[in-house]
Amino acid sequence: MTSNNTLNFLMNNPVLRKCAAPDLNKSARLWRVQHVDAGDILWVQGMPSQELAVVVQGEFSVDVNGIEVGVIRAGELIGEVATFFGQERSASLRAKTRVQILTLSIDGLRTLRREGSPVYLALLDQALVSVVRRVRATNVRIAKAATGGQAAPTRKDQGAFAKMWKKFRPGLPKVDCPPIEPLLKKQPGLGRVDDPTLAKLGGMWTATAVEEGHVVCLEGEEGATAYLIGMGDVDVLRNVRGDKAEKLCTLSAGDLFGANTLVEKGTRTASCVMATAGWLYSIDSASFKNPPAEVGHIWKESVLATLTAQIRNANRALNLARARSVATEKRAEMKERAATAGVRKKAVSKKKRDDFAQLLQASGYLEGLPTSEEGLEQVDFVIDDAMARTIAARKAR
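Our subject in this report is the structure included herewith. (Residues numbered from 1 in each chain as written. Predicted model: local features only at pLDDT ≥ 70, side-chain atom pairs only at ≥ 80, totals over all residues. Heavy atoms only, no water.)

As for the overall build of the protein chain
Within the protein chain one finds 14 helices and 18 strands. The long-range share in the protein chain, meaning contacts at least 24 apart out of those at least 6 apart in sequence, stands at 78%. Total accessible area computed for the protein chain in this model is approximately 19600 Å², and 52% of it derives from carbon and sulfur atoms. (Helix = DSSP H or I, 4+ residues; strand = E, 2+ residues; numbered from the N terminus. Contact = heavy atoms within 4.5 Å. Areas by Shrake-Rupley, 256 points an atom, 1.4 Å probe, with all protein chains shown as cover.)

Structure below.
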């Protein structure tokens, strides 16, 4: 493929079409042509990511644990999410026909970022869209597993949540809202950002005082806003089996939730209710998509890191629930002959409760990251260097 052909294909790619021709032409030197014969493997599940690619011709089979789960065709962008963070491949790609691709290495991606190329921003936006769709796919898996094949019901009566608190104490917080810059500095990738840049990022948010019991968002509702807790606690709940709500986790100051709806408008995966009076910072989708030029990529990279971590954490909780379910069933089988009918019933009941709790926890991870630094450490993604050093220092003491 000649340089002119490379440029023409990049210009016609749906992901890069909005980029100006001069910007694409400048980036063309970083793309490489590669051919994969039918039956050959391009990427192997579990291997580190070194590049992203655009399919020019042919088709790939997407295989997870040896099972085909999808097909990638000409014109599609692949591997963009993993490449931004150098993560492991989540699937293997096997050529169904002879395939021609254009690849961009991690070093090439970093070059585009360093140059402030609009091509980098277009790839970043596409990675955000891809990861949000994975959030929703993961949520569907959780909902089906947790409710026996049916989606979790939506709740339209906000007053039902208030009943969860026996002592409801309305009232706004008595103190001023904490500044947002220190809260932003704790977000992935923002630990070393300078103060003027943090100030510009902070200017994109709106602070609101909220009462205890205030319903911030409802599961199943359309949303296009994310929230950063300035002060107070937020309980994350999920509707389960009829009109009941189970508490998944409690978020606190510095926690971000609802970020997936910034990228693409969609339904909430859980309900969030103020457990105490406090302050919330909010940002809407329009502000997220059109940030000041000098801070846009930094903030979007941080959100991408957060969403990627949430998916991986939720999937791990799902896998843990599945593994524990299999192990429990095996133990039950070993005791089957000696157990009474009552004991067997009790064992099965406990197994279901344990598995269900894991599934609920998984859905909580789709709204907010674990609230502790130790919890963040368990998520396999690039933690800010300053936070990593803090965790290591605490463990050493």
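From this point on, the discussion continues.
A word on the sheet that holds strand S2 (residues 41-43)
The antiparallel open sheet is built from four strands, whose spatial order is S2-S7-S4-S5. With partners counted over all chains shown, the strands left at the sheet margins are S2 and strand S5 (67-72), one partner each. Put simply, the sheet's adjacent strands are angled 35 degrees from each other on average, direction ignored. (Pairing = 2+ DSSP bridges. Axes fitted to C-alpha atoms, helices over the stretch in contact; angles between N-to-C directions.)

A few points about the packing of aromatic side chains
Aromatic ring pairs are described here by two measures, namely the spacing of the ring centres and the angle between the planes. Summed over all chains, the structure comprises four aromatic pairs. The structure contains a cluster of three or more aromatic residues connected by ring pairs, namely Trp205, Phe288 and Trp299. Over the ring of Trp43 we find Arg89, and its NZ or CZ is 3.6 Å from the ring centre. A cation over an aromatic ring shows up here: Lys300 above the ring of Phe288, its NZ or CZ 5.9 Å from the ring centre. (Phe/Tyr/Trp six-rings, centres within 6.5 Å; stacked < 30°, edge-to-face > 60°. Lys NZ or Arg CZ within 6 Å of the ring centre and 35° of its normal.)

Concerning the pairing of S5
In this structure, strand S4 (residues 60-64) lies alongside S5, joined through five bridges in antiparallel fashion. Counted as the bridge partner of Val64 is Ile67 from S5.

As for the sheet that holds strand S3 (residues 51-57)
Reading across the sheet, the four strands line up as S1-S8-S3-S6 and stay open at both edges, with antiparallel pairing between neighbours. Two strands bound the open sheet, and with one partner strand each, they are strand S1 (31-36) and strand S6 (77-78). The pairing of S1 with strand S8 (residues 99-105) spans six bridges and is classified as antiparallel. If you follow Arg32 over to S8, its bridge partner there is Thr103.

Focus on the environment of Leu256
Inspection of the secondary structure puts Leu256 in strand S15 (residues 256-257). Residue classification places Leu256 among the buried positions, given a relative accessible area of 7%. (Buried < 20%, exposed > 50% of the residue type's maximum accessible area, 1.4 Å probe, protein only.)

Some points on the nonpolar core
By size, the foremost hydrophobic cluster in this structure holds 56 residues, and its most contacted members are Leu16, Leu123, Trp205 and Trp299. Here this core gets eleven residues from one element, more than from any other, and that element is helix H5 (residues 118-146). The contact partners of Leu16, leaving out residues within four places of it in the chain, are Leu10, Leu24, Trp31, Val119, Ala122 and Leu123. Counting residues in hydrophobic clusters, the runner-up holds 15 residues, among them Cys217, Val234, Met274 and Leu280. (Core = buried A, V, L, I, M, F, W, Y, C linked by side-chain atoms within 4.5 Å.)

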